[in-house]
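Here are the chains, one letter per residue:
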Amino acid sequence: MGRAEIVSVHSFRGGTGKSNSTANLAACLARMGKRVGVVDTDIASPGIHVLFGLDLNETEHTLVDYLWGRCEIAQAAYEVGARAGIEGEGRLYLIPSSMRTSAITQILREGYDVVRLDDGLRSLMDELELDFLFIDTHPGVNEETLLSIAVSDTLLLLLRPDQQDYQGTGVTLEVARMLEVPRIWLMVNKAPRSSDLSALRARVAETYAAEVAAVLPHDEGMLTLASAGVFCLLQPEHPISRSFDEVARRLAKRESQA
Amino acid sequence: MIRSAPEQLAREIEVRVRALATALRKSGGREQSAADLAKVAAAASRLGEMWQARAGGASEALDEEAARKARHDLRTPVSHMMGYLELAEETLQEIQSPGVEVKAWLVEIGRLRARVDELRVALEAGMRAWAHERPSSPPASRPPGRRGRGGARVLAVDDDGENRNLLRRHLERQGHEIETAEGGELALRLARETPPDLVLLDVMMPGLDGYETLRRLKSDERLARVPVIMLSGLDHAETIVRCLEAGADDHIPKPFEPAILSARVESALERKRLGDREREHLAQLLAAKRRADAFIDYVVPMGARLAAQTDTPTLLREIVEVARRFTGADGGTLYLRREDASLQAVVQVVESRGLDRSSGDPIEDLAPSPSAQLAARSGRSQRIDDTGDASVDAPRSIFALPLRGVDDELRGVLELTDARAGEGADAATPVAFDPARETALEALGRLAAVALARNAHEQSLRRRIADLEVQIDEGARAREVAVITDNDYFRELRAKATRLRARGRSQPGQPSPSAGAKTKDEVDDGPR
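Residues numbered from 1 in each chain as written. Chains lettered and ligands numbered in written order. Predicted model: local features only at pLDDT ≥ 70, side-chain atom pairs only at ≥ 80, totals over all residues. Heavy atoms only, no water.

Within chain A, the regular secondary structure consists of 11 helices and 8 strands. Residue burial in chain A is summarised as follows: out of 258 residues, 61% are buried. Per element, the accessible surface of chain A, about 9200 Å² overall, is 47% carbon and sulfur. (Helix = DSSP H or I, 4+ residues; strand = E, 2+ residues; numbered from the N terminus. Buried < 20%, exposed > 50% of the residue type's maximum accessible area, 1.4 Å probe, protein only. Areas by Shrake-Rupley, 256 points an atom, 1.4 Å probe, with all protein chains shown as cover.)

Written out as structure tokens, the structure is:
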């Protein structure tokens, strides 16, 4: 088995649906029989565990514990696929951040060793025999997100179709190119329903000279359901679910070629 | 031999009329009436003979021409009987303070007239049996009792007191209201005070003569259409011609025959009624033309103006203002239809209360009125002429107009309140909305709905274009990239990035860049 494909999911600003997209893509791949890990590095505002129905009060160890040297990284990994209804060979592991406010405050104040994060990611891939490792990053650019970007095989940049995101995405994209990330995909989320999605896709691809993996329309129904679970598992036939599926298939194809 | 009904009736009438004539002659001084009655009897006798002659050949079918002539021949004596009975009656009616005897004669004449009418009906029924008979023609004689429609105002002008009196009595018997004048000056004054329906005008009068009075009547705009009948002796032929040329409607020779007077008066009044009705129709046509003009002069240009308006708040406000101006409404509220089919107020203007909320933003505290909701549900205009609600802010009259475009889809409802007359001292008093403008208003509503639909479409296109517009400030991007990349950490990360990615495959545990580097999350959330 080859090395796992590292996929960082990043956005310049918060609120782009980053955690949601990460959870959905990871779930789609697990459903295809892949072994998938998801690391929540958004320590300041963790949230992805909610989508997988993981109650942090019941978890003994988290990513923060690992960063402080209190446990091994694998001890902070929880299999959440089975409870989400994923059957077969696929596995879905979540390495949650911490939900305890005191821990969050402390680690944000003192910082942490990004190298230890990097080491942790690698151990995780080996020990859990992962095909994919998703990194749900903190919005914006800091040393930890730069590291996530630097180690990624694929960087998925999420943006909404507005001027602020266009500008910020341009910055992140240039930085990622300097770091020679092999594959950089853009994903436009929350496009107004009135938009001509294919025209928007073409325009964004042209502006950034980058591949646009998907353009997802703004959907009230999805927003309501998405806060309660993984949308593409709840509504597999929904057009948005199909879009995630397609992106996941393309990721899987690349992984098998690698 | 059994006599048929018309023959029996004719015989009976003949006998009774002769008896009455005899009675009149005996009482003395009633020669004229007695002579008239003798003519009635003669006509009855003639009719009886004619009917008997016809009945003999009744089995033969007549051709159409022959039947027409036979009917005419039979009807003529009936007309004579009725006419002479009327004359006799009128003569007797003119008797001042009639005694019991005279009243008894009048009663008998009344009965005889009824019998003549029965005879006419029987005759028509008998004639219908003939070949080629057509539906019976209208009665050859006038029905008994007062003749004509009556109820007209007639001004009779004659310098002779006796003539004025006769005219008055005759016309009053016909049910008209009579005013008399002994000369042209007074006649003109009376006519100008209250325009009559008809003027009877003597030609020869001292002072202002008939011709001059006629000329002045016809040159007065208010009186020009009042018909005038000239009264004159037959030797005034030249004058009569002049009068007719000057606009007189008819002429009655003096001394006048009551029947001729009645006929000509009724005929002139009937012509006037027809003329009046024609003018009424003309007025209706003019009203229809005004409605058409409202379309051409107002609805069409305003519709075009709405169609050209691209700014949404301005469009919403203009829809209200255009309709308010058109109806003179004090208030106007525009509701737009939400996706869930409920109504959302977006503009409210009430001039008398100085209220003007027309930013185009939803007016959340304004719930749709019952009329507006009804208009939305039914898709039809709701007009309330008087709500009967006297409280201060409550409208008295309401017009709620559903705004539906060419696709009939409801876009919203425009509610107008308190139409005002817009003239004089009562300008501010609410009145009902003009029903004559309803069609034009509905057309305006349709154009407004089309403008709203077009505006919504345009806004959606604009949004799409804005979505597609990706603008990047290159200078700002370069500065931000520099902040991130122009430091040792990044340089080191960049140098080792490729190796870092490769390391995972073969050599876990190799040193990472900038070992021990700590990061704080303070700079890096990026612009929000």
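Residue and element names in this part refer to chain B. For S97, which is not glycine, the phi torsion reads 35° and is therefore positive. Structurally, S97 can be placed in the loop between α3 (64-93) and α4 (100-128). The backbone phi angle of D408 is positive, close to 65°, even though this residue is not glycine. Among the structural elements, D408 can be located in the loop between β10 (398-404) and β11 (410-420).

All names here are of chain B. The full count for this structure, using the stated rule, is 53 salt bridges over all chains. Of the charged contacts in the structure, one is a salt bridge between E212 and R216, with a shortest N-O distance of 3.2 Å. Of this pair, E212 and R216 are both found in helix α7 (residues 210-219), 4 residues apart, which corresponds to roughly one turn of the helix. Taking the relative accessible area as the measure of exposure, R216 reaches 31% and is therefore partly exposed. Here R357 makes a salt bridge to D365, at a shortest N to O gap of 3.2 Å. You can call R357 partly exposed: its relative accessible area is 29%. Connected through salt bridges with shared partners, the residues E12, R16, E108, R115 and E118 form a single ionic network. (Salt bridge = Lys/Arg side-chain N within 4 Å of Asp/Glu carboxyl O.)

Residue and element names in this part refer to chain A. A sheet is described by the order of its strands in space; here 8 strands give the open sequence β3-β4-β2-β5-β1-β6-β7-β8, paired in mixed fashion. This sheet does not close on itself; its edge strands, each paired only once, are β3 (78-79) and β8 (211-217). Note: strand β1 (residues 5-11) against strand β6 (residues 154-159), 5 bridges, orientation parallel. Looking at β6, one finds that S11 is bridged to L158. Contacts from helix α5 (residues 114-127) reach β1, β2 (35-40), β4 (91-95) and β5 (132-136), with the element oriented near 145° to β5. Along the sheet, helix α8 (residues 197-208) makes contact with β7 (183-191) and β8, crossing β8 at roughly 145°. (Pairing = 2+ DSSP bridges. Contact = heavy atoms within 4.5 Å. Axes fitted to C-alpha atoms, helices over the stretch in contact; angles between N-to-C directions.)

Once that is clear, we can look at a negative patch on the surface. A cluster of like negative charges, contributed by D159, D160, E162 and E182 of chain B, occupies part of the molecular surface. Structurally, E182 of chain B can be placed in the loop between β2 (177-181) and α6 (184-193). (Patch = residues over 30% accessible without salt bridge, like charges linked within 9 Å, V, L, I, M, F, W, Y side chains within 5 Å. Lys, Arg positive; Asp, Glu negative; His and termini not counted. Charge placed at Lys NZ, Arg CZ, Asp CG, Glu CD.)

Another aspect to go through is the environment of V226 of chain B. Residues and elements named next belong to chain B. Structurally, V226 is set in the loop between α7 and β4 (228-233). Each C-alpha atom, one on V226 and one on D249, is 9.4 Å from the other, the two residues being 23 residues apart in sequence. Those residues in contact with V226 that sit more than four places away from it in its chain are P196, D197, L198, V199, K218, D249 and K272.

Residues and elements named next belong to chain B. Most of β10 sits inside the fold, with 6 of its 7 residues counted as buried. Examined bridge by bridge, strand β9 (residues 382-384) and β10 share 3 bridges and lie antiparallel to one another. If you follow Q382 over to β10, its bridge partner there is A400. Judged from the 7 bridges that link them, β10 and β11 form a sheet pairing that is antiparallel. Within β11, the position partnered with L403 by the bridge is G412.

Residues and elements named next belong to chain B. In contact at an axis separation of 10 Å, α6 and α7 are set at 20° when each is read in the N-to-C sense. On the basis of their axis angle, the class for α6 and α7 is roughly parallel. For the element pair α6 and α7, the recorded crossing hand is right-handed. Residues G184, L188, A191 and R192 of α6 form the contact with α7, whose participating residues are T213, R216 and L217. The class makeup of the residues in the contact of α6 with α7 is 3 nonpolar, 2 polar and 2 charged. (Parallel < 35°, antiparallel > 145°, perpendicular 65-115°, else oblique. Left-handed = near helix turned anticlockwise from the far one by under 90°. Nonpolar A, V, L, I, M, F, W, Y, C, P; charged D, E, K, R; others polar.)

On their own, these measurements won't tell you what the molecule is for.
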